[in-house]
Amino acid sequence: NLDYRQIIGSVIESKSPSQITEINISTLSVNGVLLFELYQKLICVEKLNLSFNRIAIEKCVKFLKYNSSITQLDLHDCNINKPSLLDSYLLYSPTLTTLYLSRNSNRLNSFFPIIEISGSLKYLDLHLCSIGDEMADKIANLIRRTCCLETLILKHNLIEFGGKKIALALKENMSLKFIDLSDNSINSQGAIEFAEMLKINCNLEAFGMSRNRIQSQGVVKIAQALEINVTLKSLYIDFNGIDETAVKALSNALQRNCTLRSLHAKSHLRKVSLIMIFAKALKTNKTLIELKIDVADKGINQVLYINQLIASNPEEFE
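Residues numbered from 1 in each chain as written. Predicted model: local features only at pLDDT ≥ 70, side-chain atom pairs only at ≥ 80, totals over all residues. Heavy atoms only, no water.

(A) Broad picture of the packing of aromatic side chains. With the rule as written, the count across this model stands at three aromatic pairs. With centroids separated by 6.5 Å and ring planes inclined at 55°, the aromatic side chains of Phe178 and Tyr236 adopt a geometry described as tilted. Of this pair, Phe178 sits in strand β7 (residues 178-180) while Tyr236 sits in strand β9 (residues 234-236), and the two are 58 residues apart along the sequence. Looking at Tyr236, the relative accessible area reads 25%, which means it is partly exposed. With a centroid separation of 5.5 Å and 40° between ring planes, the pair formed by Phe194 and Phe207 is classed as tilted. You can see Phe194 sitting in helix α8 (residues 188-200) and its partner Phe207 sitting in strand β8 (residues 206-208), a full 13 residues away along the chain. Phe207 shares its class with Phe194; the two are buried. (Phe/Tyr/Trp six-rings, centres within 6.5 Å; stacked < 30°, edge-to-face > 60°. Helix = DSSP H or I, 4+ residues; strand = E, 2+ residues; numbered from the N terminus. Buried < 20%, exposed > 50% of the residue type's maximum accessible area, 1.4 Å probe, protein only.)

(B) Highlighting unusual backbone geometry. The backbone phi angle of Leu158 is positive, close to 60°, even though this residue is not glycine. Mapped onto the secondary structure, Leu158 falls in the loop between β6 (151-153) and α7 (163-170). In the Ramachandran plot, Asp183 falls in the positive-phi region, its phi being about 60° despite a non-glycine side chain. With respect to the helices and strands, Asp183 occurs in the loop between β7 and α8. A residue is classified by how much of its surface remains accessible, and Asp183, at 17% relative accessible area, is buried.

(C) Structural view of empty space enclosed by the protein. Under the criterion given, the structure shown has two cavities of 30 Å³ or more. Each pocket or cavity is described by its volume, and for the second largest cavity that value is around 50 Å³. By residue class, the composition of the lining of the second largest cavity is five nonpolar, three polar and no charged. (1 Å grid on protein atoms, 1.4 Å probe; cavity = no way out; pocket = protein on both sides within 12 Å on 5 of 7 lines; lining within 4 Å. Points joined across faces, edges and corners; volume = space filled by probe spheres on them. Nonpolar A, V, L, I, M, F, W, Y, C, P; charged D, E, K, R; others polar.)

(D) The arrangement of the packing of helix α9 (residues 216-226) against helix α10 (residues 244-256) in detail. Direction vectors running N to C along α9 and α10 enclose 5°, while the axes themselves pass 8 Å from each other. In terms of orientation, α9 and α10 fall into the roughly parallel class. Between α9, through Ser216, Val219, Val220, Ala223 and Leu226, and α10, the contact on the second element is made entirely by Thr245, Ala246, Ala249, Leu250 and Ala253. The class makeup of the residues in the contact of α9 with α10 is eight nonpolar, two polar and no charged. (Axes fitted to C-alpha atoms, helices over the stretch in contact; angles between N-to-C directions. Parallel < 35°, antiparallel > 145°, perpendicular 65-115°, else oblique. Contact = heavy atoms within 4.5 Å.)

(E) Spotlight on α8. A rise of 1.5 Å per residue sets the reference length of α8, with its 13 residues, at 18 Å; its end C-alpha atoms lie 19 Å apart and thus fit the reference within 8%. Taken residue by residue, α8 has Ser188, Gly190, Ala191, Glu193, Phe194, Ala195, Met197 and Leu198 as its buried positions. Close packing links the buried residues of α8 with α7, β8 and α9. The N-cap of α8, judged by a side-chain oxygen 3.2 Å from the amide nitrogen of Gln189 a few residues on, is Asn187. (Expected span 1.5 Å × (residues − 1). Polar contact = N/O pair within 3.5 Å; in protein donor to acceptor, adjacent residues only side chain to side chain.)

(F) Structural view of the nonpolar core. Counting residues in hydrophobic clusters, the biggest one holds 80 residues, and the most contacted among them are Leu124, Leu126, Ile166, Ile179, Leu181, Phe194 and Phe207. Leave out the neighbours within four places in its chain, and Leu181 touches Leu154, Ile159, Ile166, Ile186, Phe194, Phe207, Gly208, Met209 and Asn212. (Core = buried A, V, L, I, M, F, W, Y, C linked by side-chain atoms within 4.5 Å.)

(G) Geometry of the sheet that holds strand β5 (residues 123-125). Read from one edge to the other, the open sheet built from eleven strands follows the order β1-β2-β3-β4-β5-β6-β7-β8-β9-β10-β11, with strand pairing classed as parallel. At either end of the open sheet lies a strand with only one pairing partner, and these are β1 (22-24) and β11 (290-292). Averaged over neighbouring strand pairs, the angle between their axes works out to 0° when direction is ignored. Bridging between β5 and β6 involves three bridges; their strand directions are parallel. By the bridge assignment, Leu124 is partnered in β6 with Leu152. (Pairing = 2+ DSSP bridges.)

(H) Examining the pattern of salt bridges more closely. Here the structure, examined in full by the defined rule, presents eight salt bridges. Measuring nitrogen to oxygen at the nearest pair gives 3.1 Å for the salt bridge that ties Glu116 to Arg145. With Glu116 in helix α5 (residues 111-117) and Arg145 in helix α6 (residues 136-145), this residue pair connects regions lying 29 residues apart in the sequence. Given a relative accessible area of 11%, Glu116 falls into the buried group. Relative accessible area serves as the criterion here: at 52%, Arg145 is assigned to the exposed category. Salt-bridge contacts for Lys199 lead to Glu196; the nearest nitrogen and oxygen are separated by 3.2 Å. (Salt bridge = Lys/Arg side-chain N within 4 Å of Asp/Glu carboxyl O.)

(I) Structural view of the state of the cysteines. Here the structure, examined in full by the defined rule, presents zero disulfides. For Cys148, which is in no disulfide, the shortest distance to another cysteine sulfur is to Cys147 and amounts to 3.9 Å. With relative accessibility at 17%, the residue Cys148 sits in the buried group. (Disulfide = S-S within 2.5 Å.)

(J) Expanded view of the environment of Lys286. With respect to the secondary-structure elements, Lys286 resides in the loop between α11 (272-284) and β11. Given a relative accessible area of 73%, Lys286 falls into the exposed group. On a C-alpha basis, the gap between Lys286 and Gln255 in space is 8.9 Å, while along the polypeptide they are 31 residues apart.

Following this line, the structure appears as structure tokens:
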């Protein structure tokens, strides 16, 4: 029951317009009229968070067009009702580099052509947008055509067979440095396509594939691609089919790869033999600085467990 309009207005009155560079009115149920009235004089805002609101987008766009300094815009779960108005802003915005559009699945279609030709957007979050295989073509076209986008978040999007289209598009992309496809339904065949992509792609630095449906053979193919890839620095492949065969393949890759710095390979299979296999690889590898694996069941002090393991196998951990 608070009068947010009065409170926010008094704060603005107490400061110079150039002093306010970040606005966060997430979950306040504000409307676009309030937004435009309160902030039309704030010409130096760089970060605007409107997530979890139900804003009349025409009012929001008026403010966005008036303000030429916004670099980060969060519209997470905003139920955007007239996407074409926002399209016009995205098309001509010279400063916007970061855009959060997660949980806006019902209005997502129209954004893709605009994002493809954006000259400034570098970070795009589309997690939980129900993209599925039906819209995988649009994602693939976005990846294929964008020349500025560096980070693309596609977690929790029900992508299964559409992963192949995304993998093929990544072979042509020259700008993306990080793509996160975790928590989808990509299977081993899809993983094989992404492995072939990793052999060719020369700009990806981080790749997320955790918690998909990739079996051991798919993990092996990705591991084999690491032996060839020379740009990837971080790989997230937790909770897929990481069995002893897959661990051996990852270990072999680490003995040859000279760029990977972080490997997340947690699994439900917790065996002493797995950490011993990785230990062998780390004797040779000189670049990896972070290895995340589960070596003991929950409830066991893993640091103590590893110390005991090292003490009982000194030659393996020399």
